[in-house]
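# Coordinate inspection notes
The primary structure of each chain is shown beneath.
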Amino acid sequence: TTHKGNVTTFFFLEFTNMAIYNLLLFTLVLIIYIVTICGNCLIIVLIYYSKTLHSPMYFFLSQLSISDIMLTTDIAPNMLNIVLHERTSISYVEFCGPNVIDYLFCDFNPLVELSCSDASTVQMEITLLCIPVLILPFLVIVVSYIYIVLTILKISSFSGRLKSFSTCSSHLTVVFLFYGTLIAAYLIPKEGQSQTISKIMSLLYTVFTPFVNPLIYSLRNKEIKDNLKILYINKRRFI
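These figures come from a predicted structure and were not determined experimentally.

## Overview of the overall build of the chain
A tally of helices and strands in the chain yields 7 helices and 4 strands. Reading the secondary structure of the chain in the N-to-C direction produces β-β-α-α-β-β-α-α-α-α-α. Looking at the 239 residues of the chain, the share that counts as buried comes to 35%. Within the chain, contacts between residues at least 6 apart in sequence are counted, and of these 72% link residues at least 24 apart. Working note: accessible area of the chain is about 14500 Å², and carbon and sulfur atoms make up 69% of it.

As structure tokens, then:
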């Protein structure tokens, strides 16, 4: 809707116009969201109550879980609402003309594309901000893992090297998945890029990455698994 030439409401489009596909997507995202919240909450509680896990590494893992909960909760509920209900809307004044966002949530790029004014300056600011927010942390992580790999190569035991490489490869997969999709979303020009691909990439860094983080970084850890067993045994005793 418009008022005196200005847009007051934005409408969101789903992946497709077919209700069955939107229902399947809703179910999938809902299951992933529930598992994400439960898994990360379990890690936070376990680290808080298990004295053997009171170390800097597990403190940062608990902060990662908190960040994942905040990220997915900021996006997933609104995404579920948009997928389930056709033409879900939000109110917004500072715009005119087209008011349909072909996206799953109110992300920056699809919103700016609807602006009637010249958005090149804002786009340039976002690109420059990507350097300290995305590029530099990504480079620091990559350099850190290069040093880790060099250290692993010094391990004399083949089985020890294999186990360490297995752990590092899973970590790097999540890192590249998260930062790769973010860089593709905010740095790569959008001309000719499929809108469906953009939506899939947004699902990867807002929903899928918080879902796999606890599986990769925490639940595969031996100390975490040992404490989960202790927690389970203690719970059985009180039942």
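## Some remarks on the confidence of the model for the chain
In this model, the chain carries a mean pLDDT of 79, and residues with pLDDT of at least 70 account for 82%. For the chain, per-element mean pLDDT is lowest for strand β1 (residues 2–3), which scores 46, and highest for helix α1 (residues 19–49), which scores 87.

## So, the packing of aromatic side chains
In total, this model carries 6 aromatic pairs according to the counting rule given. Here the aromatic rings of F59 and F60 are separated by 5.5 Å at their centres, their planes lie at 70°, and the arrangement is edge-to-face. Taken together, a centroid distance of 5.6 Å and an interplanar angle of 45° make the contact between F138 and Y179 tilted. Placement of F138 in helix α4 (residues 120–152) and of Y179 in helix α5 (residues 158–186) is noted, with a sequence separation of 41 residues between them. Since its relative accessible area comes to 15%, F138 is described here as buried. Overall, the relative accessible area of 14% leaves Y179 in the buried class. Among the aromatic residues, ring-to-ring pairing joins F138, F176, F178 and Y179 into one connected group.

## Topic: the UniProt feature "transmembrane region" (unreviewed entry) in the chain
UniProt feature "transmembrane region" (unreviewed entry): in the numbering of this structure it lies at residues 20–49, 126–150, 170–188 and 200–219. Segment residues 20–49 splits into 100% helix and 0% strand. End C-alpha atoms: 44 Å apart. Between the end C-alpha atoms of residues 170–188 there is a gap of 25 Å, over a span that is 89% helix and 0% strand.

## Topic: a positive patch on the surface
Taken together, the side chains of K163, R220, K225 and K229 define a basic patch exposed on the protein surface. Note that R220 resides in the loop between α6 (195–218) and α7 (222–238).

## With respect to α5
Along its 29 residues, α5 runs 41 Å from first to last C-alpha, staying within 8% of the 42 Å computed at 1.5 Å per residue. Considered for burial, the residues of α5 that qualify are C168, S170, H171, V174, V175, Y179, T181, L182, I183, A184, A185 and Y186. Buried residues belonging to α5 abut α3 (108–112), α4 and α6.

## Points about α6
Over its 24 residues, α6 runs 34 Å from end to end, which matches the ideal 34 Å to within 8%, given 1.5 Å per residue. For α6, the principal kink sits at F208 and spans about 45°; a proline, P210, occurs within the next four residues.

## With respect to the pattern of salt bridges
This structure, assessed with the given rule, holds 1 salt bridge. The shortest N-O distance in the salt bridge between K222 and D226 comes to 3.0 Å. Within this pair, K222 and its partner D226 are both found in helix α7, separated by 4 residues, close to a single helical turn. Relative accessible area serves as the criterion here: at 58%, K222 is assigned to the exposed category. Given a relative accessible area of 29%, D226 falls into the partly exposed group.

Reading the values: rules and limits
Residues numbered from 1 in each chain as written. Predicted model: local features only at pLDDT ≥ 70, side-chain atom pairs only at ≥ 80, totals over all residues. Heavy atoms only, no water. Helix = DSSP H or I, 4+ residues; strand = E, 2+ residues; numbered from the N terminus. Buried < 20%, exposed > 50% of the residue type's maximum accessible area, 1.4 Å probe, protein only. Contact = heavy atoms within 4.5 Å. Areas by Shrake-Rupley, 256 points an atom, 1.4 Å probe, with all protein chains shown as cover. pLDDT = per-residue confidence, 0-100. Phe/Tyr/Trp six-rings, centres within 6.5 Å; stacked < 30°, edge-to-face > 60°. UniProt positions renumbered as here; feature names shortened; annotations may be inferred. Patch = residues over 30% accessible without salt bridge, like charges linked within 9 Å, V, L, I, M, F, W, Y side chains within 5 Å. Salt bridge = Lys/Arg side-chain N within 4 Å of Asp/Glu carboxyl O. Lys, Arg positive; Asp, Glu negative; His and termini not counted. Charge placed at Lys NZ, Arg CZ, Asp CG, Glu CD. Expected span 1.5 Å × (residues − 1). Bend = angle between axes of the 7 residues up to and from the residue.

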